[in-house]
Amino acid sequence: MKLLLIFVLIQTSVVSLFGQTMDVGTHDVLIQKLEKGLEINKDIQIQLRLADLYADRSRLKTIQETEEKCQQCHSSNQDRRKSLSLYLDIFDKVTDEEQKRVFEQIAQSHTLLGETTKAKSFYKKIIDKKYDKGLKAIAHQKQADLYFFSHDYSRALKDYKKSNSLDPSLKTALVSYRMAWCDFNSGQYALAKNHLDQLLSSQDEMDSSLRVDIARDFAKFTAKGTIDNKSIKRVHQLSDKSEAKDNVELLASELDRLGRPTENLIVNHYLLEAFETDPADKALAYMRMSQAELSLKRYASVTASFQKSTEFYKKINCENLKDRCADYQSKAQKFLIFWNRIEKDKPSSQLHQVWTTYLELFRDDFDMHFIAAQSFHKGSKMGLAQHHYLVTAELVHQDEKPESRKLLAVSLDAAMACAEESKVNSQKKLAYQSYLKFNPKGEKQLQAKYQLAYIEYDDKNYEAALVGFNKIITEHKESQKKLNIGTALKSAHLVLDIHAINKNNSQVMDYAQSFAQSFPKNKSEFDSIYRKALLNESLASLKKSPADLKYQDKLSQKLKVLNLSSVNQQEKALILETRVQLSRSTRNLEDMKSSSLALIGMKGLKESIKNFAYDQIIWASEMKLDFKKAYEYSLIRFQKMNRGKNEQIRLGVLAELSSKNSKLHYDEALKKTRGTLESNQLRAKIVQNSSAPWAELISRLKQLKSSPQLLSELALVTYSRYPNKQKAELVLKERSVAIKPAGIQLRRHLEIPKLKSLSSQVSKHIISHRSESQAQKGITKRLELISQLEVFANSAIERKDLVLQTVTLEVIKNEKLRFARDLTTLPLPKGLSKNDQIQYLKILETKVATIEKEAKSISQRIEGVWKTGTLMKSLHNNYESSDQNLKRLLALEIDLILPHAPESQKNQLKTWKEYQRPDARELLAAREKLKAYPFDEASLRQLIASEKNHDHLTHVAYLEQRLIDLQKRMTP
């Protein structure tokens, strides 16, 4: 039953394969069936049919991949390799006749897979081992083909001969054709030619396209031998009628390529005589004859043949024969270029005659116009050379390609050179005008314009000349490379000359301003007028609102490059002062400083101008955070006898900022200050900057009392830096000071040790149970200690000190509760009757209840404080407004209150308690950033924050004022 199924499958596949064309899907089904059959029985016929199916499916897939242009698809190769594997497996198992077909399939698969080496190995196996003679012949032929296409012609020929000897029937026309090429490439030209002659002469059937190829190659082979009418005629006879003329032309081309001009002439004459030729054929034939005549140096014949060639070309209908016309022009170009190269230095009249003939025919060939112009130029025919240079320029001037722009420039330059060599005015004018027409932005356009303008000037046509010269100067000024400076300078002199002739002095002045910048080497002629105009423009720009900063910067730079060596002192001072004002407006600090220093360095300068210069240097130094320089310049700027209150304060601040002693300046300012608050603010500055601040504060306490708010804050800050209880108590004796927020906080820190001590005493106190008398004494002592806490709490409440008030109340509450518990644990007094005991316990119970009630009342009061948030808000405000030293004091307060705070508030309190040492590197980086960007608001804010972290209060105050000025766009 299984064998019957296999037979059916085989029969089905045979019918499908050879009965009709199948698609890929059908192949898939059959292959699947045969694969299953092969699993059942390893039958050779099943394998053979399966290999055929894989081979055919690979063919179909290849077609699909080609149509879909799928470069990465390899599905067809997979099938091809599968079929190859099957063919190789059954190759030695099939019949001799089937073996030949399988051989062809294996050979084709190796070829399609590009497996040349494997193919050679397979052929060698067939050749070396005992196989059928016919099969060996086929193997030799396949191996010969491999050698042929890898250009190993001697091996290819050997295998072809061996194949033919084993099986003469394999020697087809194609094999003979390839054998002829093997002979040709081995230098056996006559033998190769004879092989092709025999092939073409035989009456054997041959593919028509192969016969055409053999006939064309016979013409090529013929070019290697003797050329006469007989050999030419043989090429003619062995070619199909439709190909004969083309093959004879091919023979002519080969002879030209091989450098055989005489034989080339013979072939071209044969062409003209033996064939009916159209004008295009005749034109090309005479072209080839011109080339041959040139090789033989028969120049008269060259020009005659070329003239005939062009006459026939004119008869061609190029609209219908565009390719042939293009081919003719290409050949004519190559011919002329070759001849021109031969006579490059000494062109002959015949060459010029041919040039003229060609360019009359191809008027738009700009490359050839240019080469012809060079040839005429070499031959000193300036008129013709200029003409062809200008035609070249006219043809290429609208093409933007780089090579065309280059050719345009070279052609126009050469045309002007020809015109100037000719010394003919009409030619010169034409050359200059053409340059400007075709290359208006060229490098020599100014030279061309100058020559044209000079002609007008020489004819006293001044208006026209003036227009021309002014255009030259304007273009020179706008040119980045400042080309043709000599031409522009001559034009400038002639412009001034024309305006002088016309007595137009205002125009002379205007042009002088421009010429001073355009011609630096001649600036002495124009600088005086130019400087005055520039100064006036600069002063006018400073009055405009809003200011055009870019334009001001441009003016500033122009002032900066002025040469002031020959300028008088007054004008020099005005220029420098204007430069300072422009630099200040544009915030160019370096230019501002350099101009100010130059002003200060001048002798005999007015005091007001010198002070102005110092003010700008001081301001620029401050902007760069160079407070040391600002302080030094300020000491010079404000001499001792001229220092008022404000000047001394300013010097004091700069001294602080530059880490110098500021006390002297603040003391001097204090002498000139009348207001109480202002005076005390100066005293506070002195105290803060002092190395012994408490001593300084106490010495000035009498005056500072009149400003309690200021004094309380000063005392608190001083205490945070240098804790001194005695000095602090001395300040707090002043009630007006003590009641201020800072005074309350200072008092708090003086009272904290007392609270801690009292709390410790109470918490450690124990009521003894040894005797009634000792218990009574303990109760009395405990009540006394709690009473002291209550007095402390009342004092804190009176001062409105929420921190001490809350902590003390919390301690009192806890101690009252503990006291109530302790009372309940006391033993009953001895000697009491039962009624007395009952009475005693009732009194005790009432007393304990009263104490617990008091504790509960205190607890509710404390809860009220936390609920209102007043305490947390107070601590938060202190945290936000405190410097690092005050934050350390705040940490002590939080340490005190933290154990008694609700759980919900503890994390926030811990955050305020944390203290981090400020990073000095961060401060330095912020300073460097502001130095680099003095007017950047973000950088300024960043430095303010960093200075705050380092408690540099003066720096903070200074920078905050600077921020205000910046926001208002204010400058000193």
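Student: How do you make sense of the nonpolar core when you look at a structure like this?
Tutor: The nonpolar side chains of a soluble globular protein tend to be buried, and buried together. Leu559, Leu599, Leu940, Leu943 and Leu959 are the most contacted members of the largest nonpolar core, which totals 53 residues. Per-element tally for this core: the top contributor is helix H31 (residues 607-623), with nine residues. Among the nonpolar cores identified, the runner-up in size contains 48 residues, and Ala280, Met287, Leu294 and Leu359 belong to it.

Student: For this particular structure, what's the right way to read the packing of helix H41 (residues 741-764) against helix H42 (residues 772-799)?
Tutor: Helix packing geometry: the angle between the two helix axes and the distance between the axes. Remark: H41 packs on H42, axes separated minimally by 10 Å, with the N-to-C direction vectors making an angle of 165°. With respect to each other, H41 and H42 are oriented roughly antiparallel. In this structure, H41 meets H42 at a crossing whose hand is left-handed. Contact residues: Ile744, Arg747, Glu751, Lys754, Leu755, Leu758, Ser759, Gln761 and Val762 in H41; Leu785, Gln788, Leu789, Phe792 and Arg799 in H42. Of the residues assigned to the contact of H41 with H42, the class counts are seven nonpolar, three polar and four charged.

Student: Hey, could you run me through the pattern of salt bridges in this one?
Tutor: Oppositely charged side chains may form a pair once their charged atoms are brought near each other. Tallied over the entire structure, the rule returns 44 salt bridges. If you follow the salt bridges from partner to partner, you end up with Lys245, Glu249, Asp278, Asp281 and Arg324 in one network.

Student: I tried to follow the confidence of the model for the protein on my own but got confused; where do I start?
Tutor: Low pLDDT marks regions whose predicted coordinates should not be analysed in detail. For the protein, per-residue confidence averages 83 on the pLDDT scale, and residues scoring 70 or more make up 95% of the total. Here residues 1-20 is modelled with pLDDT under 50, and outside its nearest four sequence neighbours on either side it reaches 22 contacts, counting other chains as well.

Student: Teacher, can you tell me more about the packing of aromatic side chains here?
Tutor: When we look at a pair of aromatic rings, we describe it by the centre distance and by the angle of the planes. One pass over the structure, following the stated rule, counts 29 aromatic pairs. Seen in terms of ring centroids, Phe103 and Phe122 are 5.5 Å apart; in terms of plane orientation they differ by 25°. Their pairing is stacked. Taken together, the residues Phe103 in helix H5 (residues 96-112) and Phe122 in helix H6 (residues 116-128) connect sequence positions 19 residues apart. Comparing Phe103 with Phe122 shows no difference in burial state: the two are buried. Between Tyr328 and Phe362, the aromatic rings sit 6.4 Å apart at their centres with planes inclined by 35°, giving tilted as the arrangement. Of this pair, Tyr328 sits in helix H17 (residues 322-342) while Phe362 sits in the loop between helix H18 (349-361) and helix H19 (366-378), placing them 34 residues apart in sequence. Like Tyr328, the residue Phe362 is buried in the burial classification.

Student: So what exactly am I meant to see when it comes to unusual backbone geometry here?
Tutor: Backbone geometry follows two general trends: most residues other than glycine have a negative phi, and most peptide bonds adopt the trans configuration. The amide bond that connects Ser545 to the next residue, Pro546, takes the cis arrangement and shows omega of 0°. Unlike most non-glycine residues, Arg587 shows phi in positive territory, near 60°. Along the polypeptide, Arg587 turns up in the loop between helix H29 (569-586) and helix H30 (589-600). A residue is classified by how much of its surface remains accessible, and Arg587, at 22% relative accessible area, is partly exposed. One non-glycine residue, Leu625, lies in the positive phi region at around 65°.

Student: Would you mind going over the packing of helix H44 (residues 834-868) against helix H45 (residues 870-881) with me for this structure?
Tutor: Direction vectors running N to C along H44 and H45 enclose 50°, while the axes themselves pass 4 Å from each other. One element, H44, and the other, H45, form an angle in the oblique class. Within the contact between the two elements, H44 uses Val865, Trp866 and Thr868 and H45 uses Thr870, Leu871 and Met872. Looking at side-chain class alone, the contact of H44 with H45 contains four nonpolar, two polar and no charged residues.

Rules and cut-offs
Starting afresh in each chain, residues are numbered from 1 along the sequence in its written order. Side-chain atom pairs in this predicted model are given and counted only at pLDDT of 80 or more, local residue features only at pLDDT of at least 70, and totals for whole chains, interfaces and linings cover all residues. To obtain the side-chain values, all non-hydrogen atoms of the structure were included, while hydrogens and water were left out. Only buried residues count toward a nonpolar core. Its members are Ala, Val, Leu, Ile, Met, Phe, Trp, Tyr and Cys residues joined through side-chain atoms within 4.5 Å. Note on exposure labels: buried denotes an accessible area under 20% of the residue type's maximum, exposed denotes more than 50%, and partly exposed covers the range between, all computed with a 1.4 Å probe on protein chains only. Helix and strand labels come from DSSP, where a helix needs a run of H or I of at least four residues and a strand needs a run of E of at least two; each type is numbered from the N terminus. To obtain an axis, a line is fitted to C-alpha atoms, over the contacting stretch when the element is a helix, and the angle between two such axes runs from 0 to 180 degrees between their N-to-C directions. What sets the label is the angle itself: under 35 degrees gives roughly parallel, over 145 gives roughly antiparallel, 65 to 115 gives roughly perpendicular, and the rest give oblique. Left-handed is the label given to a crossing in which the near helix is rotated counterclockwise from the far helix by less than a right angle, and right-handed is the label when the rotation is clockwise. It only takes one pair of heavy atoms within 4.5 Å for two residues to be counted as in contact. Under the scheme applied, nonpolar residues are Ala, Val, Leu, Ile, Met, Phe, Trp, Tyr, Cys and Pro; charged residues are Asp, Glu, Lys and Arg; polar residues are all the others, including Gly. Counted as salt bridges are all cases of a side-chain nitrogen of Lys or Arg within 4 Å of a carboxyl oxygen of Asp or Glu. What pLDDT reports is the predictor's confidence in each residue, on a scale of 0 through 100. Ring pairs are drawn from Phe, Tyr and Trp, using the six-membered ring of Trp, whenever the two centres fall within 6.5 Å, and their geometry is named by plane angle: stacked under 30 degrees, edge-to-face over 60, tilted for the rest.

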